[in-house]
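Coordinate analysis (summary)
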Amino acid sequence: MSRHCHTPILAPSILGADHANLAEAVATVEQTGLEWVHIDIMDGHFVPNLSFGPGVVAALRKRSRLFFDVHLMLDNPHLYVEAFAEAGADLISIHVEPDYDIGGTLEHIRRLGCKTGIVLNPATPAAHIEPYLDTVDLVLAMTVQPGFGGQSFREDVLPKLAEIDAVRRSRGLSFRLEVDGGIDTARAPLCREQGVDTFVAGTAFFRAADKAAFAAAIHAL
Ligand code: DX5
Ligand code: ZN
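Here we summarise the structure given alongside this text.

For the zinc ion (ligand 2), the full set of protein donor atoms is His 38 (NE2), Asp 40 (OD), His 71 (ND1) and Asp 180 (OD), and the range of their distances to it is 2.0 to 2.3 Å. Here the zinc ion (ligand 2) binds six donor atoms, and the angle range of 67 to 166° at the metal identifies the geometry as octahedral. Coordination of the zinc ion (ligand 2) draws on donor residues from a single chain, spaced H-x1-D-x30-H-x108-D in sequence. Here Asp 180 lies in strand 7 (residues 176–180) and His 38 lies in strand 2 (residues 36–42), a separation of 142 residues in the sequence. For His 38, a relative accessible area of 0% corresponds to the buried category.

Attention now goes to the site of ligand 1. Near ligand 1 lie 20 residues; those nearest to it are Asp 40, Gly 147, Asp 180, Gly 182 and Thr 203. Between ligand 1 and the protein, one listed contact pairs an oxygen atom with a side-chain N or O atom of Asp 40 at 2.6 Å. Gly 147 has a polar backbone atom sitting 2.7 Å from an oxygen atom of ligand 1. Coverage of ligand 1 by the protein amounts to 99% of the 380 Å² it exposes when considered alone. Judged by its atoms lying within 2 Å of the grid points, ligand 1 is housed in the largest pocket. Contributing elements (two or more residues each) for the shell around ligand 1: strand 2, strand 3 (67–73) and strand 8 (198–201). Looking at which element gives the most residues to the shell around ligand 1, the answer is strand 2, with three residues.

Cut-offs and rules
- Residues numbered from 1 in each chain as written.
- Chains lettered and ligands numbered in written order.
- Predicted model: local features only at pLDDT ≥ 70, side-chain atom pairs only at ≥ 80, totals over all residues.
- Heavy atoms only, no water.
- Donors = N, O, S within 2.8 Å, 3.2 Å for Na, K, Ca; no water.
- Tetrahedral: all angles 85-135°; square planar, octahedral: opposite > 155°, others 65-115°.
- Helix = DSSP H or I, 4+ residues; strand = E, 2+ residues; numbered from the N terminus.
- Buried < 20%, exposed > 50% of the residue type's maximum accessible area, 1.4 Å probe, protein only.
- Near = heavy atom within 4 Å.
- Polar contact = N/O pair within 3.5 Å; in protein donor to acceptor, adjacent residues only side chain to side chain.
- Areas by Shrake-Rupley, 256 points an atom, 1.4 Å probe, with all protein chains shown as cover.
- 1 Å grid on protein atoms, 1.4 Å probe; cavity = no way out; pocket = protein on both sides within 12 Å on 5 of 7 lines; lining within 4 Å.
- Sits in = over half its atoms within 2 Å of the grid points.

This is the structure we're talking about:
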């Protein structure tokens, strides 16, 4: 029997696509036969970059039936979850590092009809997300410092992935464990060995000449 509780999912990040052609980017993801797309939202404050707002998500929603995995990199995510739910997010993940009512915001996301995710940065210990593990649908462990695509994968995060997977098993939980940052077909297997089942890839996916082969390599893990 597999030691994994979920089959692998590839969620391409449109941050790594041509921002003048985002509709084409989601179409490419669909045509590759994938079900998820990862959408990075940045506020220029929690991370030193800006990306997309709810209007972009709503516009893409009209063009796509993909599962929208929306990653909020915001200092005040509680002020925006409603806007992103209305825009068509299927899952909204929020960081554990800023100071706001995290439990209440997860509950709010759920009441809005979306799945929930809690995110932690490379330097944030797994213990910080433990209070939320019983309720979330997904844990997103950053494998780069968030803010920019195209950074190098942080191997020092691997033990933390195993730690989160161990808590999942010991508590009999079934949240998905997702990694984001520097993921390619060489790094994904290292993460899979630690229990990861959901793989975000921006640069590696959108630069891959053969996207179907890239997806097949992830699905075979
Ligand atoms: C980083 C974002 C990622 C980013 C990953 O802040 O959260 O989703 O798009 O890009 P790559 O795969 O290029 O590291
Ligand atoms: Zn992301």
